[in-house]
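Here is what each chain is made of, one letter per residue.
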Amino acid sequence: MWVRILSSAAALALLFGVLFWLPEWVIPAVMMVLCAIMVREFLGATGFIKNRAILICAVVFSMLIPPWVYQGASYAPANVTLFLYTVLLFALALGSQRQVTLEQIGGAFFASLFIPLALTSVLRVRMMPEGYYLVLMPLIAAFISDTCAYFTGIAVGRTKMAPGISPKKTWEGSVGGLLGCVGGMLLFGWIMNRVFGYNVNWAILAFAGVLGSVAAQFGDLCFSYVKRQFGIKDYGHLMPGHGGALDRCDSLLFAAPTIEFLLTIVGGMVLWH
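Residues numbered from 1 in each chain as written. Predicted model: local features only at pLDDT ≥ 70, side-chain atom pairs only at ≥ 80, totals over all residues. Heavy atoms only, no water.

Undergrad: Explain the overall build of the protein to me, please; I cannot follow it from the model alone.
TA: Each helix and strand in the protein was counted, giving 12 helices and 4 strands. For 273 residues, the compact-globule estimate of 2.2 N^0.38 gives 19 Å, and the protein sits close to it at 19 Å. Seen through its principal axes, the protein has C-alpha atoms that stretch 65 × 45 × 30 Å. Counted over contacts in the protein with a minimum sequence separation of 6, partners at least 24 positions apart contribute 74%. Accessible surface for the protein amounts to roughly 13600 Å². Of this, 71% is attributable to carbon and sulfur atoms. Taken as two groups, the 16 positive and 11 negative side-chain charges of the protein have centres that lie 7 Å from each other. (Helix = DSSP H or I, 4+ residues; strand = E, 2+ residues; numbered from the N terminus. Rg over C-alpha atoms; globule rule 2.2 N^0.38 Å. Contact = heavy atoms within 4.5 Å. Areas by Shrake-Rupley, 256 points an atom, 1.4 Å probe, with all protein chains shown as cover. Lys, Arg positive; Asp, Glu negative; His and termini not counted. Charge placed at Lys NZ, Arg CZ, Asp CG, Glu CD.)

In structure tokens form, the structure reads like this:
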């Protein structure tokens, strides 16, 4: 338990340092490294890719997405790069003399596209007006929800949610995660109002807490489903007590795009002076 807590504290300190205390250009640079690690963890743990050339292509392609987003996400070069990447994957598969299957190509394509696109939602929120503060919302949705669900499940969890996918998850823990996430969002709003003098839309923050927690828990279950299908416990061993980077960020990969979509729709209605 203490290893898990200390590991989380160190990771959060590093995350806050990158998001708030270092120059903005450091964020996509760090995300490039995270994308490479998570894509490598996913493809390695599931055994999707045993062809080193395809693995390298998938990792490199995933690392191109954070700087692309940071530079403005122009779709013309993205379309060309995506087409060339697809051609390269099939060329390597053809050259393998049928040793590489369509399933493996699909796994590489999915991991190298979905993981960085979802993760860079955090970067896109950070680049929004008032994004310096709003970027906390996807983090609250993912990590506060996870933490509250975990401890509520330990304390009062009785009713299994999906025993065939994630045996330890309970409905009581899920409700605790949702309530904790809503509370975290409202606390964020209170701090922004009282400390930084922002006007706050409390209804949107509460709704973001509900929506973000549901998305985070759904993401956690999705990646647990993959684990059970391939018979693995963790995707990696980067964080003691947690597993790999993907084990820690699986909920964020669903919560961050959800919060980004919500903030895109409501515009400047969450925080304003």
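Structure shown, so let's carry the discussion forward.
Undergrad: Can you walk me through a nonpolar patch on the surface in this structure?
TA: The grouping of Leu-186, Leu-187, Trp-190, Ile-191, Val-195, Phe-196 and Trp-202 at the surface amounts to a nonpolar patch, some 650 Å² of accessible area in total. Per-element tally for the nonpolar patch: the top contributor is helix α9 (residues 171–194), with 4 residues. Mapped onto the fold, Ile-191 is located in helix α9. What makes Ile-191 partly exposed here is its relative accessible area of 33%. (Patch = residues over 30% accessible without salt bridge, like charges linked within 9 Å, V, L, I, M, F, W, Y side chains within 5 Å. Salt bridge = Lys/Arg side-chain N within 4 Å of Asp/Glu carboxyl O. Buried < 20%, exposed > 50% of the residue type's maximum accessible area, 1.4 Å probe, protein only.)

Undergrad: Looking at this structure, I do not really get the pattern of salt bridges. What am I missing?
TA: All told, the structure shown has 6 salt bridges when counted by the stated rule. Ionic pairing is found between Glu-24 and Arg-126, a salt bridge with its closest N-O pair at 3.5 Å. Of this pair, Glu-24 sits in the loop between α1 (2–21) and α2 (26–46) while Arg-126 sits in helix α6 (residues 121–126), and the two are 102 residues apart along the sequence. With a shortest N-O distance of 3.5 Å, Asp-234 and Lys-233 are connected by a salt bridge. Given a relative accessible area of 24%, Asp-234 falls into the partly exposed group.

Undergrad: Looking at this structure, how should I read the packing of aromatic side chains?
TA: How two aromatic rings sit relative to each other is given by the distance of their centres and the angle of their planes. Counted according to the given criterion, the structure contains 18 aromatic pairs. Ring centres 5.6 Å apart and planes at 75 degrees place the aromatic pair Phe-218 and Phe-254 in the edge-to-face group. In this pair, Phe-218 sits in helix α10 (residues 202–230) while Phe-254 sits in helix α12 (residues 252–266), placing the two residues 36 residues apart along the sequence. Take Phe-218: its relative accessible area is 48%, and that puts it in the partly exposed class. Summarising the aromatic geometry, the rings of Phe-223 and Phe-254 are spaced 6.3 Å apart at their centres and angled 80 degrees between planes, so their arrangement reads as edge-to-face. Highlighted residues: Phe-223 in helix α10 and Phe-254 in helix α12, separated in sequence by 31 residues. Through a chain of ring-to-ring contacts, three or more aromatic side chains come together here, namely Phe-42, Phe-48, Phe-110, Phe-114, Phe-218, Phe-223, Phe-230, Tyr-235 and Phe-254. (Phe/Tyr/Trp six-rings, centres within 6.5 Å; stacked < 30°, edge-to-face > 60°.)

Undergrad: How should the environment of Val-100 be read in this particular structure?
TA: Along the polypeptide, Val-100 turns up in the loop between α4 (75–95) and α5 (102–119). Setting aside anything within four residues of it in sequence, one finds Val-100 in contact with Asn-51, Ile-54, Ala-93 and Ile-105.

Undergrad: Is there a simple way to think about the packing of helix α8 (residues 136–156) against α9 in this case?
TA: Between two packed helices, what matters for the description is the angle formed by their axes and the separation of those axes. Running from amino to carboxyl end, α8 crosses α9 at an angle of 140 degrees, the nearest separation of the two axes being 7 Å. Between α8 and α9, the angle is such that the two are oblique. In this structure, α8 crosses over α9, and the sense of that crossing is right-handed. Across the interface between the two elements, Leu-136, Met-137, Ile-140, Ala-141, Ile-144, Ser-145, Cys-148, Ala-149, Thr-152, Gly-153 and Val-156 of α8 pack against Glu-172, Gly-173, Gly-176, Gly-177, Gly-180, Cys-181, Gly-184, Met-185 and Phe-188 of α9. Looking at side-chain class alone, the contact of α8 with α9 contains 11 nonpolar, 8 polar and 1 charged residues. (Axes fitted to C-alpha atoms, helices over the stretch in contact; angles between N-to-C directions. Parallel < 35°, antiparallel > 145°, perpendicular 65-115°, else oblique. Left-handed = near helix turned anticlockwise from the far one by under 90°. Nonpolar A, V, L, I, M, F, W, Y, C, P; charged D, E, K, R; others polar.)

Undergrad: Would you mind going over α10 with me for this structure?
TA: Along an α-helix, residues three or four apart share an orientation, since each turn contains 3.6 residues. Here α10 spans 42 Å end to end across 29 residues, near enough to the 42 Å set by a 1.5 Å rise per residue. Regarding α10, its N-cap is Asn-201, as a side-chain oxygen of that residue lies 3.3 Å from the backbone nitrogen of Ala-203 further along. With its phi angle positive at about 65 degrees, Gly-231 sits one or two positions after the end of α10. (Expected span 1.5 Å × (residues − 1). Polar contact = N/O pair within 3.5 Å; in protein donor to acceptor, adjacent residues only side chain to side chain.)

Undergrad: In this structure, what is going on with α12? I would like to understand it.
TA: The terminal C-alpha atoms of α12 lie 21 Å apart, and with 15 residues this matches the ideal 21 Å at 1.5 Å per residue to within 8%. Extensive coverage of α12 is indicated by the burial of 11 of its 15 residues. Residues Leu-252, Leu-253, Ala-255, Ala-256, Pro-257, Thr-258, Ile-259, Glu-260, Leu-262, Leu-263 and Val-266 constitute the buried set of α12. After α12 finishes, the residue Gly-267 shows a positive phi value of roughly 60 degrees.

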